Amino acid sequence: MNLDPTLNADLHCHSVISDGTLTPEALAERAKVGGVQLWALTDHDELGGQQRAMDAARAVGLPYLTGTEISVTFANRVVHIVGLGFDHTAAEMIEGLRATRGGREARAREMATSLAQAGIHGAFEGALKYVGNPDLISRTHFARFLVDAGHCSDIPEVFRRFLTEGKPGFVPHKWARLSDAVGWITRAGGVAVIAHPGRYDFTPTEEYALITEFIAHGGRGIEVVTGSHTAAEFVQYSDTALEFGLLASRGSDFHCPEESRIDLGQLPPLSTRLTPVWAELADRIQA
Ligand code: AMP
Ligand code: MN
Ligand code: MN
Ligand code: MN
């Protein structure tokens, strides 16, 4: 298998096991049709879809890497760390992710209380209708409820008016520690990757702190080409990857055909200046 930077790898997306709307099987099919040459399903804080994704990828002849996207609290902000190519049966990681998911239901009930104070009632029950995994009620499910109930016209409007810091429905939450997320992934034989660094609104100093602490804990990769980045950020984070000697990753962050800006396999390729994360994970790829 050719593992150069131009490979059509899509190493970031979500299924009904977290906040996507398609099954792992439908995603495998869609990735194949979309021209993806190496795929990973990266559900939030959850490995429950990995075996299905692996089996479905094999059935359609799509090389596969295990994946997840871990919610981390860093400097009082939420940062996402993608794990790739780890052993999805590793007990420490399964237990760590279970603990990370643990507070989601209580948080969701508080989110609904906060929305009720803003005049939006029944949000907990409303959001639950969209949940595929009762362990993983997320802001995305509330966002779908707010759109379908007519409170907002689309998902971006939801996150402008609700569910984010200072807005109704926002409830601060303590997620995993950066050191734990990176450690679980690394000790299970995988590579940890900073997800969509352009999305955090960090100052250059804060971003430097994130990257250097991440590396100190054993993190090795960074997303460069993602559905969350602009074309200018593709260039900016290519430079960041080179500056810090990080492996570059690429993934659409696809959630839903109606919501996602970028479909599976449709991003531009990585720059040939970069070392792709998949070059380091050759022996972890299920062909
Ligand atoms: P949670 O893990 O419950 O905090 O939910 C986070 C999820 O909300 C992310 O993974 C995205 O799917 C979604 N999300 C967060 N911010 C936005 C945004 N500005 N636009 C669209 N989706 C968002
Ligand atoms: Mn999501
Ligand atoms: Mn994310
Ligand atoms: Mn994601």
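Source: prediction; values computed, not measured.

Caption draft 1: Examining the sheet that holds strand 6 (residues 191-194) more closely. Sheet architecture is open: six strands sit in the order 5-3-4-6-7-8, paired in mixed fashion. Each of the sheet's edge strands pairs with one partner strand only, and the pair in question is strand 5 (176-177) and strand 8 (247-251). The pairing of strand 4 (residues 77-84) with strand 6 spans four bridges and is antiparallel. The residue bridging Ile81 from the neighbouring strand is Ile194, located in strand 6. Against the sheet, helix 9 (residues 204-216) contacts strand 3 (67-74), strand 4, strand 6 and strand 7 (221-226), and its axis sits at roughly 180 degrees relative to strand 6.

Caption draft 2: Main features of the coordination of the manganese ion (ligand 3). Within the protein, the atoms that donate to the manganese ion (ligand 3) are Glu69 (OE), His80 (ND1) and His196 (NE2), at distances of 2.1 to 2.2 Å. Between the two metal centres, the manganese ion (ligand 3) and the manganese ion (ligand 2), the spacing is 5.6 Å. Within this pair, whereas Glu69 is found in strand 3, its partner His80 is found in strand 4, the two being separated by eleven residues in sequence. Residue Glu69 is classed as buried on the basis of its relative accessible area of 1%. What makes His80 buried here is its relative accessible area of 12%.

Caption draft 3: Structural detail: the coordination of the manganese ion (ligand 4). Protein-derived coordination of the manganese ion (ligand 4) comes from His12 (NE2), His14 (NE2), Glu69 (OE) and Asp253 (OD), at a distance range of 2.1 to 2.2 Å. Between consecutive donors of the manganese ion (ligand 4), the numbers of intervening residues give the motif H-x1-H-x54-E-x183-D. A gap of 4.5 Å separates the manganese ion (ligand 4) and the manganese ion (ligand 2). Remark: Glu69 occurs in strand 3 and His12 occurs in the loop between strand 1 (9-10) and helix 1 (24-33); sequence separation between them is 57 residues. Take His12 and Glu69: they sit in the same class, and that class is buried.

Caption draft 4: Expanded view of the domain arrangement of the protein chain. Partitioning the protein chain into structural domains gives domain 1 (9-100 + 175-284) and domain 2 (104-161). Each of domain 1 and domain 2 has a C-alpha centre, and these two points are 25 Å apart. Each partner contributes residues to the interface: domain 1 has 14 residues there, and domain 2 has eleven residues. Carbon and sulfur atoms supply 46% of the area buried between domain 1 and domain 2, which totals about 890 Å² over both sides. Considering only the surface of domain 1 that becomes buried against domain 2, Asp19, Trp175 and Glu259 emerge as the three largest contributors, covering 47% of it. The tally of links from domain 1 across to domain 2 stands at two salt bridges. Notably, a salt bridge pairs Arg144 with Glu259, separated by 2.7 Å at the nearest N-O pair. A per-class count over the side of domain 1 that touches domain 2 returns four nonpolar, six polar and four charged.

Caption draft 5: Spotlight on the site of ligand 1. In the vicinity of ligand 1, the contacting residues are Asp19, His44, Arg104, Arg107, Ser138, Arg139, Thr140, Ile155, Phe159 and His255. Between an oxygen atom of ligand 1 and a side-chain N or O atom of Arg139, the distance comes to 2.8 Å. Thr140 places a side-chain nitrogen or oxygen 3.2 Å from an oxygen atom of ligand 1. When isolated, ligand 1 has an accessible area of 500 Å², and the protein chains bury 77% of it. At the level of elements, helix 4 (104-117), helix 6 (139-148) and helix 7 (155-161) are the ones that each hand at least two residues to the shell around ligand 1.

Caption draft 6: Quick peek at the pattern of salt bridges. What the rule picks out here adds up to 15 salt bridges. Across the pair Arg98 and Glu95 runs a salt bridge whose closest N-O atoms are separated by 3.2 Å. Of this pair, Arg98 and Glu95 both sit in helix 3 (residues 91-101), three residues apart, which is roughly one turn of the helix. Measuring nitrogen to oxygen at the nearest pair gives 2.7 Å for the salt bridge that ties Arg161 to Glu157. Pair noted here: Arg161 and Glu157 are both in helix 7, with a separation of four residues, about one helical turn. Owing to a relative accessible area of 39%, Arg161 belongs among the partly exposed residues under this scheme. Via salt bridges that share partners, Glu46, Arg101 and Asp135 belong to a single interconnected network.

Analysis parameters
- Residues numbered from 1 in each chain as written.
- Chains lettered and ligands numbered in written order.
- Predicted model: local features only at pLDDT ≥ 70, side-chain atom pairs only at ≥ 80, totals over all residues.
- Heavy atoms only, no water.
- Pairing = 2+ DSSP bridges.
- Helix = DSSP H or I, 4+ residues; strand = E, 2+ residues; numbered from the N terminus.
- Contact = heavy atoms within 4.5 Å.
- Axes fitted to C-alpha atoms, helices over the stretch in contact; angles between N-to-C directions.
- Donors = N, O, S within 2.8 Å, 3.2 Å for Na, K, Ca; no water.
- Buried < 20%, exposed > 50% of the residue type's maximum accessible area, 1.4 Å probe, protein only.
- Domains from an automatic or database assignment.
- Buried area = accessible area lost by both parts, 1.4 Å probe.
- Salt bridge = Lys/Arg side-chain N within 4 Å of Asp/Glu carboxyl O.
- Nonpolar A, V, L, I, M, F, W, Y, C, P; charged D, E, K, R; others polar.
- Near = heavy atom within 4 Å.
- Polar contact = N/O pair within 3.5 Å; in protein donor to acceptor, adjacent residues only side chain to side chain.
- Areas by Shrake-Rupley, 256 points an atom, 1.4 Å probe, with all protein chains shown as cover.

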